[in-house]
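Notes for the structure review
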Amino acid sequence: LDARITNGIVADQVNATLGDELITSEGDRTFATSYGNWANYQSGTVGWDSNGYLELTTADGAASGLQLVGANTTDVVVGDIVKAQIDVKLGTMADDVGGNSITGIGGAAISFVATSSWQTVVGYFVADKTNPTLYLKAHVDNSDGGTLLFDNVSLKQVNGNAGKMVNFDGSDFKMDTH
């Protein structure tokens, strides 16, 4: 276990599976023809890249973002563990896009550094609302602004006896010797 990836979330092997997709519309997860129900957040501008990607356009020196409001996700129970997964890469004029994160499920942020190649970002949250809004955020420090591209957005409940540990380090767990 790596606490930097799991955000302190652990699950036992009673039912080590994921639940159904919580983002209700396929068009809000994959972007073949449009950006679906995603909307502007802060100074971000939502767009659709003709190659079939969700696009976040940012301004210079601005905190920017996109949001998928809770009405477009299946309700969860406060305290549920949710896995977020998304593919991301830098778009145009985006040499110094930083401060990137996925937030909104439980207040904690999954931080990532976008590159010119596609990467899959994964993180876990404890739900703090029954109908959460998902945010994709970025910050640009150059004078030209830039874009980030997203695809394959997914939110799924972690089944089994999942929980959040505090004061946690993966080295605290030992290999099963039985």
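Described in the following lines is the structure provided in the data block.

Moving on, we get to the overall build of the protein chain. What the protein chain contains, in helices and strands, is 1 helix and 13 strands. Going from the N terminus to the C terminus, the protein chain shows its helices and strands as α-β-β-β-β-β-β-β-β-β-β-β-β-β. When each of the 178 residues of the protein chain is scored for burial, the buried share is 43%.

A separate point is the pattern of salt bridges. Using the criterion set out here, one finds 1 salt bridge in the structure. Its salt-bridge partner being Arg29, residue Glu26 comes within 2.6 Å of it at the nearest N-O pair.

In this section: the side chain of Arg29. Relative to the helices and strands, Arg29 resides in the loop between strand 2 (18–21) and strand 3 (39–42). At 2.6 Å, the side chain of Arg29 and the side chain of Glu26 are in polar contact. The contacts of Arg29, once residues within four sequence positions are left out, are Glu21, Ile23, Thr24, Asp151, Asn152 and Val153.

Below, the discussion takes up the packing of aromatic side chains. Across all of its chains, the model carries 1 aromatic pair by this definition. For the pair Tyr53 and Trp118, a centre-to-centre distance of 4.7 Å together with 50° between the ring planes defines the contact as tilted. Of this pair, Tyr53 sits in strand 5 (residues 53–58) while Trp118 sits in the loop between strand 9 (110–112) and strand 10 (119–126), and the two are 65 residues apart along the sequence. Since its relative accessible area comes to 34%, Trp118 is described here as partly exposed.

With that settled, the discussion passes to the environment of Ile86. Turning to its location among the elements, Ile86 is positioned in strand 7 (residues 81–90). On the basis of relative accessible area, Ile86 is assigned to the buried category, the value being 1%. As a C-alpha pair, Ile86 and Val153 span 67 residues in sequence and 4.4 Å in three-dimensional space.

With respect to the helices and strands, the residue Leu66 is situated in strand 6 (residues 63–68). For Leu66, a relative accessible area of 0% gives the class buried. Sequence separation between Leu66 and Ala39 is 27 residues, and the spatial gap between their C-alpha atoms is 5.6 Å. When residues no more than four places from it in sequence are discounted, the contact partners of Leu66 are Trp38, Ala39, Tyr41, Thr45, Val46, Leu54, Glu55, Leu56, Leu134, Tyr135, Leu136 and Phe150.

The topology assignment puts Asp49 in strand 4 (residues 45–49). One buried charged side chain, Asp49, makes no salt bridge at all; its nearest oppositely charged neighbour is Lys89, positioned 8.1 Å away. The contacts of Asp49, once residues within four sequence positions are left out, are Glu55 and Leu149.

For Asn152, which is not a glycine, the phi torsion comes out positive at approximately 50°. Take Asn152: it is sitting in strand 12 (residues 146–158). Take Asn152: its relative accessible area is 35%, and that puts it in the partly exposed class.

Take the environment of Asp87 next. Note that Asp87 resides in strand 7. The spacing of Asp87 and Asp151 is 64 residues in sequence and 5.1 Å in space, taken between C-alpha atoms. The residues contacting Asp87, other than those within four sequence positions of it, are Trp118, Gln119, Thr120, Leu149, Phe150, Asp151 and Asn152. Separated by 2.7 Å, the side chains of Asp87 and Thr120 make a polar contact.

Let us look at the nonpolar core. Of all hydrophobic cores here, the largest spans 27 residues; its most connected members are Trp38, Leu54 and Phe150. Element by element, the count of residues in this core is highest for strand 7, at 5 residues. Once you skip the residues sitting within four places of it in the chain, Trp38 turns out to touch Asp28, Phe31, Val46, Leu54, Leu66, Gln67, Leu68, Leu134, Leu136 and Val153.

Basis of the calculations
Residues numbered from 1 in each chain as written. Predicted model: local features only at pLDDT ≥ 70, side-chain atom pairs only at ≥ 80, totals over all residues. Heavy atoms only, no water. Helix = DSSP H or I, 4+ residues; strand = E, 2+ residues; numbered from the N terminus. Buried < 20%, exposed > 50% of the residue type's maximum accessible area, 1.4 Å probe, protein only. Salt bridge = Lys/Arg side-chain N within 4 Å of Asp/Glu carboxyl O. Polar contact = N/O pair within 3.5 Å; in protein donor to acceptor, adjacent residues only side chain to side chain. Contact = heavy atoms within 4.5 Å. Phe/Tyr/Trp six-rings, centres within 6.5 Å; stacked < 30°, edge-to-face > 60°. Lys, Arg positive; Asp, Glu negative; His and termini not counted. Core = buried A, V, L, I, M, F, W, Y, C linked by side-chain atoms within 4.5 Å.

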